[in-house]
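Structural features, examined
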Amino acid sequence: MKAVNSLVEDIYYDDDIVKKFILATLVFAGVALAAGVMVALQLAFWPMNLNSEWLSFGRLRPLHTNAAIFAFAGNAIFAGIYHSSQRLLKARLFSDFLSRVHFWGWQAIIVAAAITLPLGYSHGKEYAELEWPIDIAITLIWVVFAVNFFGTLAKRREKHMYVALWFYIATIITVALLHVINSAEIPVSAFKSYPVYAGIQDAMVQWWYGHNAVAFFLTTPFLGLMYYYLPKAANRPVYSYRLSIIHFWALVFIYIWAGPHHLLYTSLPEWAQTLGMVFSIMLWAPSWGGMINGLLTLRGAWHLLRTDPIIKFFATAVTFYGMATFEGPLLSIKSVSSVGHYTDWIVGHVHGGTLGWNGFMIFGMLYYLVPRLWKTELYSVKLATAHFWTGFLGTIAYYLSMVVAGITQGLMWQAMTPDGRLMYPDFIETVTRILPLYWVRAFGGILYLAGFLLMVYNLYRTIKGAPVSVPEKVRVVNTRDVTAVETGHRGLEGAVTVFSVLTFLAVLVGSVIEIYPTLALHKYLPPSAQVEPYTPLELAGRDLYIREGCYLCHSQQIRPLASEVLRYGSPSTAEESMYDHPFQWGSKRTGPDLARVGKKYPDLWHYRHMLNPRVVTPQSIMPNYIWLATNDTDFLVLRKKFSVLKNMGTPYSDDQVANADIHAEKQAKEIAKSLEAQGGPSGLERKEIVAMIAYLQALGQKAKETPK
Amino acid sequence: MNILYLMIPLSLLLGFGFIAGFIWSVRSGQLDDTETPAYRILDEGEEQP
């Protein structure tokens, strides 16, 4: 469809795919927010766990986080990237077919996640809970996305690549790398696998991933969107294009090193902790450069803030970005982290970012895109304004309640009497104190959800009232150096993109190939080390612990702080978790640390506590796990599990592997007998609860000499 | 801590990748003009609602 002058062409953009991703965003945002409200209610009011295996907190929480990050934010990012890139590059997407594979593949992944997570198929690593078949699917679809994006880049008609595109490129490359490295795992069965890393190594990889997932899934793509949609919506150029470039390069160079700030005061080596802290503090500068750049783009257009809901959303989002990126470095300072870590402050921090920054960017973008794509007017500006205020109040209620709850609880944990004892030795005291704030948080979440529903209705009416849309031709001017085509220069530029795709694939394949043999077979401490690996029954219990998501409320990592040692025992050592595939250090203490809970209570105490925690701790908010007493343990699979772990370097003998099930049944009988002897019911030896008790009683008991 | 032998090279690889990207962007003139791109996106590629 070339015009006479070959520099001017009429082309069609693929807006259908953008619309598809927008609708998917709306659907899954609903799921993510509803699941969020549900888990918030469960924490405020434990009966909301509904005594249900599939809906208890530990299983719904991964559903909430995964849906929010990968389904809600993910679909929105794809919509925004596909829409803005076509315009910035003056080219239709590389392949309509790949676009559709990307779309349907991603939705299939989300549906698979929504089914498997409640069923308890989980990796036990936060934000990476999905099991191995889904992990592989994510990798494949991400490669499809990458090829489609870089292909579009290669056939672009605009020589200059606007800064937003750089943010997209960094996103695509880095997320692929993070996902592949962190998901390296060896399957045991169709929906169970063990990560190749153990203990401290797993912790490092996990938080390298976890931190950079925030950086490259929830920050860089959104900054790209900000640099495109904010100027477009305000109809003003970005305040300083130069600053945006500095923002980008500074951010991508610094972010990748900051992960260890999630592991301050753990058994991670001191220097790695300090490195993480220093880089985190350095991040403050570029982040604020970006925030200022975004806000000052509105210079001279501040009046829009009063009238235009899109600008309201964008300006508030950028402000929350500034807040979160100020708070992040603050929390990376060791002394601040000692109070904030494991508390709800972190939860508040995250939601300032997700609800305030990501959510509001997405809402602003949707209000901008839907009328334009469907060629109509927004149904109601009033409703959009109402959405803004409910969402804003919801976010503030959420954020403030969690910061106050976190600091309150953090200080209570550390409070000591003058004679050196804990002021609040009963953990539950520190829980009941903040329970009212859990209600405020749930209320904030409900407001946010209500605002979102207003938007859904508003957009539904907008789309319904829209005329039947036909794709429109767009006239574009090719600015890539045309004379260079003959000299081959253009070919070279094309080569750069082909080259990046190839490098990217090479890195992917290379890391997978490299990582399996080196890490899988590597024993990083001699087998003579001071720690005993789990028995088969304990391992079975550990897998239940992972399945039920206990790590989402319990940590297993005692920090070297006086109050913590008093409360839980001597600090955790790196050796103690050396056979833990995956590590279960946790990141949140809604309940107490469990690293040394073994032998603290008799078996029967655990039995009664697991079935109904309120029997032993009247005000507990922990869910009931009644199904553990009725479900049977799968003994046979333990052989396979042991052989996989042995291959990865756990020092099990051939006999232990071959007879894992027999050893497990033997130990189960002993525990069942002890339960009965203590006055519990009989006939529990094949039930899951016995495996769980075996595991809990082993915690902190595996080091041959207790660490000092 | 063997994991560092994987993670540091990978992080460096990523870093070098970004450096290569940066050098390419300077060489190919991507950063020559830091004024007009901000204006260009405003009047291109968007049909009015």
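Residues numbered from 1 in each chain as written. Chains lettered and ligands numbered in written order. Predicted model: local features only at pLDDT ≥ 70, side-chain atom pairs only at ≥ 80, totals over all residues. Heavy atoms only, no water.

Section: the overall build of chain B
A tally of regular secondary structure across chain B gives two helices and zero strands. Residues counted as buried form 47% of the 49 residues belonging to chain B. For chain B, the accessible surface area stands at approximately 2,700 Å², while carbon and sulfur atoms represent 65% of it. (Helix = DSSP H or I, 4+ residues; strand = E, 2+ residues; numbered from the N terminus. Buried < 20%, exposed > 50% of the residue type's maximum accessible area, 1.4 Å probe, protein only. Areas by Shrake-Rupley, 256 points an atom, 1.4 Å probe, with all protein chains shown as cover.)

Quick word on the overall build of chain A
If you tally the helices and strands in chain A, you get 25 helices and four strands. Rg of the C-alpha trace for chain A: 27 Å, near the compact-globule value of 27 Å for 708 residues, within the 12% margin. Referenced to the eigenvectors of the C-alpha coordinate spread, the extents of chain A come out at roughly 90 × 50 × 45 Å. Relative to its full complement of 708 residues, chain A shows a buried share of 64%. Summarising the internal contacts of chain A: among those between residues at least 6 apart in sequence, 82% fall at separations of at least 24. Here chain A displays about 25,400 Å² of accessible surface, and carbon together with sulfur accounts for 68% of that area. (Rg over C-alpha atoms; globule rule 2.2 N^0.38 Å. Contact = heavy atoms within 4.5 Å.)

What to know about the pairing of strand E3 (residues 192-195) of chain A
Residues and elements named next belong to chain A. Residue alternation in E3 divides its side chains into two sets, Lys 192 and Tyr 194 and Ser 193 and Pro 195, and both sets are buried. Bridging between strand E2 (residues 185-189) and E3 involves four bridges; their strand directions are antiparallel. Looking across to E3, one finds that Glu 185 is bridged to Pro 195. Turn length for the E2-E3 hairpin, with the two strands adjacent in sequence and antiparallel, is two residues. (Pairing = 2+ DSSP bridges.)

Thoughts on the domain arrangement of chain A
All names here are of chain A. For chain A, the assigned domains read domain 1 (7-514) and domain 2 (536-698). The C-alpha centroid of domain 2 is placed 34 Å from the C-alpha centroid of domain 1. Of the residues lining the interface, 63 residues belong to domain 1; the matching set on domain 2 comes to 56 residues. Counting the surface lost from both domain 1 and domain 2, the interface buries some 4,900 Å², and carbon and sulfur atoms represent 64% of this. The tally of links between domain 1 and domain 2 comes to three salt bridges. The partner of Arg 59 in a salt bridge is Glu 548, with the nearest N and O atoms 2.8 Å apart. Scanning the region where domain 1 abuts domain 2 turns up 20 residue pairs in polar contact (both at pLDDT 80 or more). Those elements giving two or more residues to the side of domain 1 that touches domain 2 turn out to be helix H2 (57-89), E2, E3, helix H6 (199-217), helix H13 (334-340), helix H14 (344-373), helix H15 (381-414) and helix H16 (427-464). (Domains from an automatic or database assignment. Buried area = accessible area lost by both parts, 1.4 Å probe. Salt bridge = Lys/Arg side-chain N within 4 Å of Asp/Glu carboxyl O. Polar contact = N/O pair within 3.5 Å; in protein donor to acceptor, adjacent residues only side chain to side chain.)

Focus on the nonpolar core
Residues and elements named next belong to chain A. The biggest cluster of nonpolar side chains holds 221 residues, and the ones touching the most others in it are Trp 106 and Trp 357. Two domains share this core, each providing at least three of its residues, namely domain 1 (7-514) and domain 2 (536-698). Sequence-distant contacts of Trp 106, that is, excluding residues within four places in its chain, are made with Phe 70, Asn 75, Phe 78, Val 101, Ile 138, Ile 141, Trp 142 and Phe 217. In terms of nonpolar packing, the next biggest core, distinct from the first, is built from five residues, Leu 331, Val 336, Trp 345 and Val 403 among them. (Core = buried A, V, L, I, M, F, W, Y, C linked by side-chain atoms within 4.5 Å.)

Quick word on a nonpolar patch on the surface
Nonpolar side chains collect at one region of the surface, where A:Trp271, A:Leu275, B:Ile8, B:Leu12, B:Phe16, B:Ile19, B:Phe22, B:Ile23 and B:Val26 lie side by side and expose about 780 Å² of accessible area between them. Counting residues per element, the ones that place at least two in the nonpolar patch are helix H9 (270-282) of chain A together with helix H1 (3-27) of chain B. When residues in the nonpolar patch are grouped by element, the largest group, seven residues, is from H1(B). Inspection of the secondary structure puts B:Ile19 in helix H1. Judged by relative accessible area, which is 35%, B:Ile19 ranks as partly exposed. (Patch = residues over 30% accessible without salt bridge, like charges linked within 9 Å, V, L, I, M, F, W, Y side chains within 5 Å.)

Here we look at the interface of chain B and chain A
Between chain B and chain A, the residue contacts involve 35 residues of the former and 57 residues of the latter. Across the chain B/chain A interface, buried area totals approximately 4,100 Å², and carbon plus sulfur atoms make up 71% of it. Between chain B and chain A we count one salt bridge in total. Here A:Glu158 ties to B:Arg40 by a salt bridge, and the two come within 3.6 Å at their closest N and O atoms. Taken together, the links from chain B to chain A amount to one residue pair in polar contact (both at pLDDT 80 or more). For the side of chain B that touches chain A, the elements supplying multiple residues, two or more each, are H1 and helix H2 (36-40) of chain B.

Description of the layout of surface pockets
Residue and element names in this part refer to chain A. Its volume calculated, the largest pocket comes out at about 830 Å³. When contributions to the lining of the largest pocket are tallied by element, the ones reaching two or more residues are helix H1 (16-44), H2, H16, helix H20 (562-568), helix H21 (603-611) and helix H25 (688-698). The greatest single-element share of the lining of the largest pocket, amounting to four residues, is contributed by H21. Split by residue class, the lining of the largest pocket holds 22 nonpolar, 11 polar and five charged. Taken domain by domain, the lining of the largest pocket gets at least three of its residues from each of domain 1 (7-514) and domain 2 (536-698). (1 Å grid on protein atoms, 1.4 Å probe; cavity = no way out; pocket = protein on both sides within 12 Å on 5 of 7 lines; lining within 4 Å. Points joined across faces, edges and corners; volume = space filled by probe spheres on them. Nonpolar A, V, L, I, M, F, W, Y, C, P; charged D, E, K, R; others polar.)

Regarding the packing of aromatic side chains
All names here are of chain A. Going through the model one piece at a time under the given rule, you end up with 55 aromatic pairs over all chains. Measuring from centroid to centroid gives 5.8 Å for Tyr 82 and Phe 145, while their planes differ by 75°, and the two rings are edge-to-face. Placement of Tyr 82 in helix H2 and of Phe 145 in helix H4 (residues 132-154) is noted, with a sequence separation of 63 residues between them. For the pair Tyr 82 and Phe 145, a shared accessibility class is recorded, and that class is buried. Here the aromatic residues Phe 72, Phe 313, Phe 320, Phe 360, Phe 363, Tyr 367, Phe 388, Trp 389, Phe 392, Tyr 448 and Phe 452 are joined through ring pairs into a cluster of three or more. For Arg 614, the ring lying beneath its charged end belongs to Trp 46, and the centroid distance is 3.4 Å. (Phe/Tyr/Trp six-rings, centres within 6.5 Å; stacked < 30°, edge-to-face > 60°. Lys NZ or Arg CZ within 6 Å of the ring centre and 35° of its normal.)

As for unusual backbone geometry
Residues and elements named next belong to chain A. The linkage connecting His 581 with the following residue, Pro 582, adopts the cis geometry, with an omega of -10°. On the secondary structure map, Pro 582 appears in the loop between H20 and H21. Phi at Lys 90 is positive, roughly 50°, even though this residue is not glycine. Examined against the element boundaries, Lys 90 turns out to sit in the loop between H2 and helix H3 (96-116). Non-glycine residue Tyr 265 carries a positive phi angle of around 65°. Tracing the backbone through its elements, the reader meets Tyr 265 in the loop between helix H8 (241-255) and H9.

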